[in-house]
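Given next are the chains, with one letter for each unit.
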Amino acid sequence: GMGLVYGVGNLGKFIGPAGLALIAGSSNYVKPQATVDALVPGFAYFAAWYLLGALAFWLIAVETRGRTIDEREAMLRAAQAKVAADRDELARVIALETGKPIREAAGEMGAVIAKFDLTIADARRYLAVERTAENPHPGWVRRIARGPAGVVGPFNFPIHLAHGAIVAHLAAGNTVSFKPSPQAANAAARYAAGMSAALPPGVFNLVQGGGEEGRAV
């Protein structure tokens, strides 16, 4: 998006003088000699190009829009609260579906809740906007989302192992489609219900099924 805007700006270096020459009635398209009568239409011409550039920036430079780290953290904190409130029932369902001891399932849920904190801390460190150092012109480095992400979860730690990738993608601004193991479909559905309730529609999606659905994701 930004590259196209810069390209339009460079194109304006040629279109601007040529258009002014036509307005002034000059045959010199590189350095037109504008008359007093051409000043008002000339300024109107340049104003129109500035408006066009602003419109291109607004419509095309989508990477400058989007949620801030603070907004993403707030949503992840809300998701964390939803999952934490349901941790005991999630552990019980994991134990029933996978056959692991309830103590181990409870430990998995503890790791799931703690992963929110670790991921948010990493996002604060690695995704923050940075101003470039030793640069003669003002400049900033902004990390942008890559787009939709697919996460396929295993059966042995059906929530925890997938959750690490899910939260990382959400912190980076990506939407997620989570395809869990069919051997833990109920635990995944309960987890997904809490996550989806705290996030905007379409940001977190659950895809149930087997191998065919996993390959599609």
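What comes next concerns the included structure.

Conventions we followed
Residues numbered from 1 in each chain as written. Predicted model: local features only at pLDDT ≥ 70, side-chain atom pairs only at ≥ 80, totals over all residues. Heavy atoms only, no water. Pairing = 2+ DSSP bridges. Helix = DSSP H or I, 4+ residues; strand = E, 2+ residues; numbered from the N terminus. Right-handed = clockwise from strand over helix to strand, strands pointing away. Salt bridge = Lys/Arg side-chain N within 4 Å of Asp/Glu carboxyl O. Buried < 20%, exposed > 50% of the residue type's maximum accessible area, 1.4 Å probe, protein only. Core = buried A, V, L, I, M, F, W, Y, C linked by side-chain atoms within 4.5 Å. Contact = heavy atoms within 4.5 Å.

**Re the pairing of strand S4 (residues 176–179)**
The pairing of strand S3 (residues 149–152) with S4 spans four bridges and is parallel. Of the residues in S4, the one forming a bridge with Val-152 is Lys-179. As for the winding sense of the linkage, the β-α-β connection from S3 through helix H6 (residues 160–171) to S4 is right-handed. As paired elements, S4 and strand S5 (residues 204–206) share three bridges and run parallel to each other. Following the sheet pairing, Val-176 is matched in S5 by Phe-204.

**Overview of the pattern of salt bridges**
If you walk through the whole model with that rule in mind, you get nine salt bridges. The closest approach of N and O atoms between Asp-70 and Arg-124, which form a salt bridge, is 2.4 Å. Note that Asp-70 is positioned in helix H3 (residues 69–85) and Arg-124 in helix H5 (residues 102–126), a separation of 54 residues in sequence. According to the relative accessible area criterion, Arg-124 is partly exposed, its value standing at 39%. Here Asp-117 makes a salt bridge to Arg-77, at a shortest N to O gap of 2.5 Å.

**Regarding the nonpolar core**
Counting 34 residues, the largest nonpolar core has Val-83, Ile-166, Leu-170, Phe-178, Tyr-191, Met-195 and Phe-204 as the members making the most contacts within it. Secondary-structure elements contributing two or more residues to this core are H3, helix H4 (87–98), H5, H6, S4 and helix H7 (185–198). A total of seven residues in this core trace back to one element, the largest contributor, which is H5. With residues near it in sequence (within four places) discarded, Phe-204 still touches Ile-166, Val-176, Phe-178, Tyr-191, Ala-192, Met-195, Ser-196 and Leu-199.

None of this, on its own, says anything about what the molecule does.
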